[in-house]
Amino acid sequence: MTTQERTEIKHKILKGLELAYEKLLAEKRANNGELIILRDNKIVTIKP
């Protein structure tokens, strides 16, 4: 696998993660749900 192929795969993976995050936020907003995240080593719930 060449460096260019690795770069392309990495770009596709990152793009997929961004899309999944956007869909998650949209779903939480639509259902008035909460997000549970880790911030400063503490579990925090937030409303998007």
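Details of the structure are given in the entry above.
To continue, consider the overall build of the protein. For the protein, the helix and strand inventory stands at one helix and two strands. When the helices and strands of the protein are listed from N to C terminus, the series reads α-β-β. Taken along the three principal axes of its C-alpha coordinates, the protein extends 45 × 30 × 10 Å. Relative to its full complement of 48 residues, the protein shows a buried share of 6%.

What follows concerns a nonpolar patch on the surface. Side chains of Met1, Ile9, Ile13, Leu14 and Leu17 sit close together on the surface and give an oily, nonpolar patch of about 520 Å² of accessible area. Relative to the helices and strands, methionine 1 is located in the segment before helix H1 (3-30). For methionine 1, a relative accessible area of 64% corresponds to the exposed category.

The next point concerns unusual backbone geometry. The backbone phi angle of asparagine 32 is positive, close to 55°, even though this residue is not glycine. Mapped onto the fold, asparagine 32 is located in the loop between H1 and strand S1 (35-39). We classify asparagine 32 as exposed; its relative accessible area is 57%. Backbone geometry at aspartate 40 places phi at a positive 55°, although glycine is not the residue there. Among the structural elements, aspartate 40 can be located in the loop between S1 and strand S2 (42-46). Residue aspartate 40 is classed as exposed on the basis of its relative accessible area of 68%.

What counts, and at which threshold
Counting of residues starts from 1 at the beginning of each chain's written sequence and follows it residue by residue. Two thresholds apply to this predicted model, a pLDDT of at least 70 for residue-level local features and 80 or more for giving and counting side-chain atom pairs, whereas whole-chain, interface and lining totals are computed over all residues. The side-chain figures draw on all heavy atoms in the structure; neither hydrogens nor water molecules are used. By definition, any uninterrupted DSSP run of H or I lasting at least four residues is a helix, any uninterrupted run of E lasting at least two residues is a strand, and each is numbered from the N terminus. Summary of the burial criterion: residues with accessible area below 20% of their type's maximum are buried, those above 50% are exposed, and those between are partly exposed, where the area comes from a 1.4 Å probe applied to protein chains only. To count toward a patch, a residue needs a relative accessible area over 30% and no salt bridge; like charges are then connected within 9 Å, while nonpolar side chains (Val, Leu, Ile, Met, Phe, Trp, Tyr) are connected within 5 Å. For the area figures, the Shrake-Rupley method with a 1.4 Å probe applies, and any residue is considered shielded solely by the protein chains shown. Here, a salt bridge means any Lys or Arg side-chain nitrogen found within 4 Å of an Asp or Glu carboxyl oxygen.

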